[in-house]
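# A structural walkthrough
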Amino acid sequence: MSVLEKVRPERPAAAAREPRVTDEEGHRVRPRELLWRYLLLLAVLALTTGPFLWQLATSLKGPTEDIYGSPPRLLPAHPTLHNYARVADTIPVWDYALNSLKVAAANVVTNCVGSALAGYALARLRYRGRRVTTLVFVLAMLVPVEGIVIAQFTTMRELGLNNTLIGVVLPGAVGAMNVLLMRGAFRALPYEIEEAAYADGANAWQRFLRIALPSVKGTLAVVAIFAFMGAWDDFLWPLIVLSDPSKFTLTIGLNYLHGTFANDERLVAAGTIIAVAPLIALFACLQRYFFRGVGEGAVKG
């Protein structure tokens with residue numbers, strides 16, 4: 001037996017075969033700590049997805065199933081799509097959905113274009129008062145919507161845009177948070193890339209369209225998702241500015257599913273699922289760009 005074999009302690013066979021769990025930094029995670037992490041994740045998952053799953057299950061239950069039983073039953077005994085047909089018979093849900101789609105699509109276009117232009121100007125252009133302008137956008141995020149809704153309504157009335165979908169779109173055409181998101185993405189880009197383009201004779205528009213904007217597609221997708229969700233889910237402002245039922249958005253139209261003398265929870269749940277489905281589809285299409293937007297601008301030059 002060699003000297004090294006005498007000095008080196010022998011490891012127990014059980015310890016050698018014990019699986020080792022590490023975090024992203026390579027530190028070992030104890031089994032008890034790992035258990036608490038999974039329990040916390042399961043609790044957060046239940047809080048976030050539980051209401052949606054309950055509404056989905058309620059929308060698929062027939063009129064003979066008890067939705068108030070104890071303990072509650074998640075899976076319907078006899079799933080049916082009859083509640084969705086009843087929603088279309090009760091209110092013109094597809095007309096309301098089309099109005100919401102028009103508002104949301106216009107909001108996405110205006111926010112993407114306006115936020116990209118304003119964010120690039122705040123991040124890359126040199127002019128007097130740039131810091132003050134950035135501070136104004138930050139302060140605009142601190143003002144609650146309820147505090148300026150009267151001024152917005154008065155402005156739309158003076159412009160003759162009350163009871164129009166354009167009046168619904170204009171107040172949220174460019175969001176302050178979206179501008180700051182684009183500013184942060186543009187600031188993370190290396191200056192050397194644009195300096196090389198400037199040396200080749202590219203002007204500000206060419207540098208914006210051909211170099212900066214293609215590098216921040218992830219953040220632009222984040223802005224598009226936030227703008228679509230904000231316009232699609234908005235209830236207060238369309239309720240104030242719209243009075244013609246033919247121009248109601250989906251969030252206002254679904255309110256008519258709550259009757260004074262009748263309140264069918266299955267009908268309300270089906271309408272809720274109809275309203276949420278486009279958001280799920282949008283996120284499913286843009287999730288690759290959405291998660292890439294977290295590390296946007298990490299281009300090494």
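Given the structure is predicted, the values throughout are model-derived calculations rather than measurements.

Cut-offs used in this document
Starting afresh in each chain, residues are numbered from 1 along the sequence in its written order. The predicted origin of the model limits local features to residues at a pLDDT of at least 70 and limits the giving and counting of side-chain atom pairs to 80 or more, whereas totals for whole chains, interfaces and linings rest on all residues. The side-chain values count all of the structure's non-hydrogen atoms but skip hydrogen atoms and water molecules. Runs of E in the DSSP output that reach at least two residues are strands. Runs of H or I that reach at least four are helices, and both are numbered from the N terminus. We call a residue buried when its accessible area falls under 20% of the maximum for its residue type, exposed when it is over 50%, and partly exposed in between, using a 1.4 Å probe and counting protein chains only. Contacts are residue-level and defined by heavy atoms, with any inter-residue pair within 4.5 Å sufficient. Here a cavity denotes a set of grid points, spaced 1 Å apart and computed over the protein atoms alone, in which a 1.4 Å probe fits but from which it cannot get out, and a pocket denotes an open set meeting protein on both sides within 12 Å along at least five of seven lines; residues with an atom within 4 Å of a point are reported as lining. Grid points are joined across faces, edges and corners, and a volume is the space filled by probe spheres set on the points. Under the convention adopted here, Pro, Cys and the residues Ala, Val, Leu, Ile, Met, Phe, Trp and Tyr are nonpolar, Asp, Glu, Lys and Arg are charged, and Gly plus all remaining residues are polar. Only the stretch in contact is used when fitting a helix axis, every axis being a line fitted to C-alpha atoms; angles between N-to-C directions are given from 0 to 180 degrees. Put simply, angles under 35 degrees are roughly parallel, angles over 145 are roughly antiparallel, angles from 65 to 115 are roughly perpendicular, and the rest are oblique. The sense of a crossing depends on the near helix, which, turned anticlockwise from the far helix by less than a right angle, makes the crossing left-handed and, turned clockwise, makes it right-handed. The predictor reports its confidence for every residue as pLDDT, a score running from 0 up to 100. Think of it this way: a Phe, Tyr or Trp ring, Trp meaning its six-membered ring, pairs with another when their centres are within 6.5 Å, and the plane angle makes it stacked under 30 degrees, edge-to-face over 60, tilted otherwise. By definition, the arc is the one covered by directions from the helix axis to the C-beta atoms.

## Describing the overall build of the chain
When helices and strands are counted, the chain shows 15 helices and 0 strands. The proportion of buried residues among the 301 residues of the chain is 32%. Contacts in the chain between residues far apart in sequence, at least 24 positions, make up 71% of those at least 6 positions apart.

## Overview of the layout of surface pockets
Computed from the structure, the largest pocket encloses a volume of approximately 800 Å³. What lines the largest pocket is a set of 26 residues, among which Val145, Pro171, Gly172, Val174 and Gly175 lie closest to the centre. Among the elements that make up the lining of the largest pocket, the one with the highest residue count is helix α12 (residues 217–233) (4 residues). Looking at the lining of the largest pocket, its residues break down into 18 nonpolar, 7 polar and 1 charged.

## Re the packing of helix α10 (residues 191–199) against helix α11 (residues 204–212)
In the contact formed by α10 and α11, the axes pass within 10 Å of each other and the chain directions differ by 130 degrees. Comparing their axes, α11 and α10 come out oblique. The hand of the α10/α11 crossing is right-handed. Residues Ile193, Glu194, Ala197 and Tyr198 of α10 form the contact with α11, whose own contacting residues are Arg207, Ile211 and Ala212. Tallied by class, residues from the contact of α10 with α11 come to 5 nonpolar, no polar and 2 charged.

## Regarding the packing of helix α9 (residues 176–187) against α12
Running from N to C, α9 and α12 cross one another at 170 degrees; their axes reach a closest spacing of 10 Å. The pairing of α9 with α12 is recorded here as roughly antiparallel in orientation. Residue-level inspection shows Met177, Asn178, Leu181, Met182 and Ala185 of α9 in contact with α12, the latter providing Thr219, Leu220, Val222, Val223 and Phe226.

## With respect to the confidence of the model for the chain
Looking at the chain as a whole, the pLDDT averages 83, with 87% of positions reaching at least 70. Note on residues 297–301: pLDDT under 50 across the span, and 7 contacts to partners over four residues away in sequence or across chains.

## Side note on the packing of aromatic side chains
Inspection of every chain in the model, using the stated rule, returns 7 aromatic pairs. Look at Tyr120 and Phe186: their rings are 5.4 Å apart centre to centre, the planes differ by 85 degrees, and that puts the pair in the edge-to-face class. With Tyr120 in helix α5 (residues 93–124) and Phe186 in helix α9, the pair connects residues that are 66 residues apart, well separated along the chain. Look at Tyr120 and you get buried, because its relative accessible area is 4%. With a centroid separation of 5.6 Å and an interplanar angle of 15 degrees, the aromatic rings of Phe228 and Trp232 are classed as stacked. Note that Phe228 and Trp232 are positioned in helix α12 at a spacing of 4 residues, about one turn of the helix. A residue is classified by how much of its surface remains accessible, and Phe228, at 9% relative accessible area, is buried.

## As for helix α4 (residues 82–90)
Turning to α4, its buried residues number three or more, namely Asn83, Tyr84 and Val87. For α4, the buried positions fall inside an angular range of 105 degrees around the axis, keeping them on one side.

## Some details on unusual backbone geometry
Backbone phi values are negative for most residues with the exception of glycine, while trans is the configuration of most peptide bonds. Although it is not a glycine, Asn163 adopts a positive phi angle of roughly 65 degrees. Secondary-structure assignment places Asn163 in the loop between α7 (145–158) and α8 (165–169).

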